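If you want the building blocks of each chain, they are given just below.
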Amino acid sequence: MNMKINQVTIDALASLCKRRGFIFQNSEIYGGINGFWDYGPLGVELKRNIKDSWWQSVVQWRDDVVGLDAATIMHPRVWEASGHLDGFTDPMVDCRQCKGRFRADLLLEDQGIELETGSTAEKNLKLPANAKCPTCGARDLTEPRAFNLMFKTFIGPVADDTSAAYLRPETAQGIFVNFDNVLSVARKKIPFGIAQIGKAFRNEINPRNYTFRSREFEQMELEFFIKPGTDADWHAYWVKERLDWYERIGLARANLDQYEYGKDELAHYASACVDILYRFPFGLQELEGIAARGNYDLSRHREFSGKSLEYFDQETGERYLPHVVEPSAGVDRIALAVLCEAYTVEWIPKEDTEGDIRPAEPGEKVPSGYEERVVMKFAPRLAPYKAAVFPLLKNRPELVKTARSIYDQIKKRWPAFYDQTGAIGRRYRRQDEIGTPFGITVDFQSLEDDTVTLRHRDSMKQDRVGIPELPGILAEKIDE
RNA sequence: GCGGGCGUAGCUUAGUGGUAAAGCUCUAGCCUUCCAAGCUAGCUACGCGGGUUCGAUUCCCGCCGCCCGCUCCA
């Protein structure tokens, strides 16, 4: 089950993603920019399918969750209330000798000296000359740098502190600040949730591992508001719900894992947190965190905004600040996991060779009588194109005409691809490499009996099916 | 951010102080009755900037980017 994961390297995957148009480096013609990535024609389809599937399972198919789409820039006070502004502005210094890193304020406090502050606007902090490294004692520290992981911007034409704002580092706060608004229009009673998909921005110190840690990324977050005291049950419920979803989109259970935070690792307001992890080529890494956050966020916004934000239960007459369970997932990380999971190298027997398709052995040469293929085994519902339609030969107008009309019919319902160029085998392989689950080929028999061949990506086997039956067959296999 | 490695076409590689080669891919055409066949033609590259030099892809410096380790990870 894990073989394919051992096979794929991030380099090989990144190469395919660029070659076929899943993912490009942002601003590549200018030399690229660290931590930003663009999704090409196939990547955008894949990502949208992931988001659609999440939205279906979390919003559309449920009666107790509604959606939201908040702006990426919010009132700066939001980030004071959320704790992001204070939490991420610690001035840090590095020791050039022992490579240690320390918070400048704590380090100097220990040594009984204070930071020299320059202009307050930009926090130009200077280190006194007598400061030394607490680990090795060397007086060879870098100047303090403020590690604010939020991107700062300015509202209006004047760039000064009174107009400062931040690009949101998470989508969740847009939900909390709209809690009252949604409550008053959605006709929902607790327990109910508000879901949002959107961009978030973090000025990561060190983006790494391809798209895994990017500075601009997309989140899918749900805030599920609950009655105080029911936290543990709802938390367990959402952990299971979310794990099931990951399996449904095609991630092997064997490559998924969960990490339960110990009491000492939890934020002070949280009662539970579970990370859902995926076995990436670069290690077991987080796709989603599911946290029981109590009423921390709403209580902070109550404090900072002066609004009550309480919920009144008409049946019991109780008034309370709801608690919340927050499943928070990274779309780009999930897309990367799906790409890793799908990437498969196989050895397939040539025409005169007896044998079955088998997984390639990493580092081994292709055995004689076999040839190699790369195939992206996406779950059909996630595949960028659901079907490709081919005339067997392009220099036979009647084949071309029939193929085009089938394509025109299919593309109204699913993303599809039409290709009449080159040998049929080449066209099949090209679709294998972008994960198209079905190939539909119009041949001479089609002209006689209105059937086509339906070729399956993973097995490479073909069925003969009637043209009128195609939509039904595809629907069944795609939505499975 | 620190240390190390790397940067030639879409990909994988070759090569040179006198502006560069190949395979695969890709595009067009021919051919082709089901799995990357064949033939013909074509597009496309020395990451960016500066320096040395008559001349730099090559040597030097800076920057950017990628990979690995450390660090960080709300």
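Description of the structure in this document. (Residues numbered from 1 in each chain as written. Chains lettered and ligands numbered in written order. Predicted model: local features only at pLDDT ≥ 70, side-chain atom pairs only at ≥ 80, totals over all residues. Heavy atoms only, no water.)

Here's the deal with helix α11 (residues 331-342)
Here α11 spans 16 Å end to end across twelve residues, near enough to the 16 Å set by a 1.5 Å rise per residue. Within α11, twelve of the twelve residues are buried, leaving the element largely enclosed by the surrounding structure. Listed in full, the buried residues belonging to α11 are V331, D332, R333, I334, A335, L336, A337, V338, L339, C340, E341 and A342. (Helix = DSSP H or I, 4+ residues; strand = E, 2+ residues; numbered from the N terminus. Expected span 1.5 Å × (residues − 1). Buried < 20%, exposed > 50% of the residue type's maximum accessible area, 1.4 Å probe, protein only.)

Considering a nonpolar patch on the surface
Taken together, the side chains of L393, F444 and L447 make up a nonpolar region of the molecular surface, amounting to roughly 230 Å² of accessible area. In this structure, L447 sits in helix α14 (residues 444-449). A residue is classified by how much of its surface remains accessible, and L447, at 37% relative accessible area, is partly exposed. (Patch = residues over 30% accessible without salt bridge, like charges linked within 9 Å, V, L, I, M, F, W, Y side chains within 5 Å. Areas by Shrake-Rupley, 256 points an atom, 1.4 Å probe, with all protein chains shown as cover. Salt bridge = Lys/Arg side-chain N within 4 Å of Asp/Glu carboxyl O.)

Structural notes on the sheet that holds strand β10 (residues 152-154)
Read from one edge to the other, the open sheet built from three strands follows the order β4-β11-β10, with strand pairing classed as antiparallel. Single-partner strands in this sheet number two, and they are β4 (73-74) and β10. Taken together, the three bridges between β10 and strand β11 (residues 164-167) define a ladder with antiparallel strand orientation. Residue pairing for β11: T153 is matched across the bridge by A165. (Pairing = 2+ DSSP bridges.)

Quick notes on the protein's contact with RNA strand B
Close to RNA strand B lie 42 residues; N34, N206, R213, R426 and R430 are nearest. Expressed as a percentage, the sugar and phosphate content of the atoms of RNA strand B within 4 Å of the protein is 48%. Between RNA strand B and Q25, the relevant distance is 2.8 Å, taken from a sugar or linking oxygen to a side-chain nitrogen or oxygen of the residue. At 3.1 Å, a side-chain N or O of Q462 approaches a base oxygen of RNA strand B. (Near = heavy atom within 4 Å. Polar contact = N/O pair within 3.5 Å; in protein donor to acceptor, adjacent residues only side chain to side chain.)

Focus on the environment of L287
Among the secondary structure elements, L287 is positioned in strand β16 (residues 283-294). Here L287 falls in the buried class, since its relative accessible area comes to 1%. The sequence separation of L287 and N148 amounts to 139 residues, and the corresponding C-alpha distance is 23 Å.

Some words on the nonpolar core
Ranked by internal contacts, the top residues of the largest apolar core, which has 60 residues, are L13, Y246 and I334. The dominant element in this core, judged by the number of residues it contributes, is α11, at nine residues. Both domains that meet at this core, namely domain 1 (5-76 + 161-341) and domain 3 (377-479), each give it at least three residues. Aside from chain neighbours lying at most four places away, what touches I334 is I50, M220, W245, Y246, I249, L287 and A329. Judged by nonpolar contacts, the second largest core, of 22 residues, contains L399, A403, Y407 and A475. (Core = buried A, V, L, I, M, F, W, Y, C linked by side-chain atoms within 4.5 Å. Domains from an automatic or database assignment. Contact = heavy atoms within 4.5 Å.)

Some words on the side chain of D419
Take D419: it is sitting in the loop between β24 (416-418) and α13 (424-434). Owing to a relative accessible area of 7%, D419 belongs among the buried residues under this scheme. Of the polar contacts made by the side chain of D419, one reaches the side chain of R430; its length is 3.3 Å. For D419, the contacting residues outside a window of four places in its chain are V389, F390, P391, R427 and R430.

Overview of the sheet that holds strand β14 (residues 256-260)
Sheet architecture is open: seven strands sit in the order β3-β12-β13-β19-β16-β15-β14, paired in mixed fashion. At either end of the open sheet lies a strand with only one pairing partner, and these are β3 (65-68) and β14. Adjacent strand axes in the sheet meet at a mean angle of 20° when their direction is disregarded. Relative to strand β12 (residues 192-201), β3 is paired through four bridges, and the arrangement is parallel. (Axes fitted to C-alpha atoms, helices over the stretch in contact; angles between N-to-C directions.)

Some thoughts on the pairing of β16
Alignment of strand β15 (residues 272-280) against β16, held across nine bridges, turns out to be antiparallel. From the neighbouring strand, D275 faces β16, where its bridge partner is G289. Here β15 folds back onto β16 in antiparallel fashion, the turn holding two residues.

Quick look at the environment of A164
Within the secondary structure layout, A164 lies in strand β11. Spatially, the C-alpha atoms of A164 and E288 are 30 Å apart, while their sequence positions differ by 124 residues. Sequence-distant contacts of A164, that is, excluding residues within four places in its chain, are made with P76, K152, T153 and F154.

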